[in-house]
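These are the residues of each chain, in order.
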Amino acid sequence: MDYVSALVPPIVMAAFFIALVVTIVKTQGGANKAKEDAAVDAVIARAEATQQARK
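Residues numbered from 1 in each chain as written. Predicted model: local features only at pLDDT ≥ 70, side-chain atom pairs only at ≥ 80, totals over all residues. Heavy atoms only, no water.

### Observations regarding the overall build of the protein
The criterion, for reference: Secondary structure follows DSSP: runs of H or I at least 4 residues long count as helices, runs of E at least 2 residues long count as strands, and numbering of each begins at the N terminus. Within these notes, the globule rule equals 2.2 Å times the number of residues to the 0.38 power, and the radius of gyration is based on C-alpha atoms. Exposure categories follow from relative accessible area, calculated using a 1.4 Å probe and restricted to protein chains: below 20% of the type maximum is buried, above 50% is exposed, and the middle band is partly exposed.
What the protein contains, in helices and strands, is two helices and zero strands. For the protein, whose C-alpha radius of gyration is 22 Å, the value lies well above the compact-globule estimate of 10 Å for 55 residues. When the backbone C-alpha atoms are referred to their principal axes, the protein occupies close to 70 × 25 × 5 Å. The buried share of the protein, reckoned over its 55 residues, is 0%.

The structure is reproduced here in structure tokens:
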């Protein structure tokens with residue numbers, strides 16, 4: 001029975017890791033991608049405008 005108690009924690013951690021990877025892959029793209037891209041574009045535009053104002 002010692003081998004069972006030794007194998008359970010790695011198996012549980014592997015299952016959580018697989019679930020995490022699946023969740024990350026599923027949330028990439030779609031409607032969230034457009035929002036994230038818009039937010040990044042706004043930050044870049046703001047940084048460029050600030051840089052232009054300094055010159």
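### A short note on helix α1 (residues 2–27)
Stated precisely, the cut-off is as follows: Given a helix with a known number of residues, its expected span is that number minus one, times 1.5 Å. Bend is the name given here to the angle between axes fitted to two runs of seven residues, the run ending at a residue and the run starting at it.
Between its terminal C-alpha atoms α1 stretches 39 Å, which fits the 38 Å expected from 26 residues at 1.5 Å a residue. Along α1, the largest kink reaches about 25° and is centred on V8; proline P9 follows within four residues of it. Looking one or two residues beyond α1, the residue adopting positive phi is G29, at roughly 80°.

### Details of a nonpolar patch on the surface
Quick note on the threshold: Patches here: salt-bridge-free residues with over 30% relative accessible area, like charges joined within 9 Å, nonpolar side chains (Val, Leu, Ile, Met, Phe, Trp, Tyr) joined within 5 Å. Computed with the Shrake-Rupley method and a 1.4 Å probe, the accessible areas treat only the protein chains shown as cover for residues. What makes a salt bridge here is a side-chain nitrogen of Lys or Arg within 4 Å of a carboxyl oxygen of Asp or Glu, nothing more.
A contiguous nonpolar patch, built from M1, Y3, V4, L7, V8, I11, V12 and F16 and spanning about 870 Å² of accessible area, is present on the exposed surface. With respect to the helices, strands and loops of the structure, M1 is situated in the segment before α1. A residue is classified by how much of its surface remains accessible, and M1, at 75% relative accessible area, is exposed.

### Points about the environment of T27
The topology assignment puts T27 in helix α1. Once the C-alpha coordinates of T27 and A45 are considered, the two residues, 18 residues apart in sequence, prove to be 26 Å apart.

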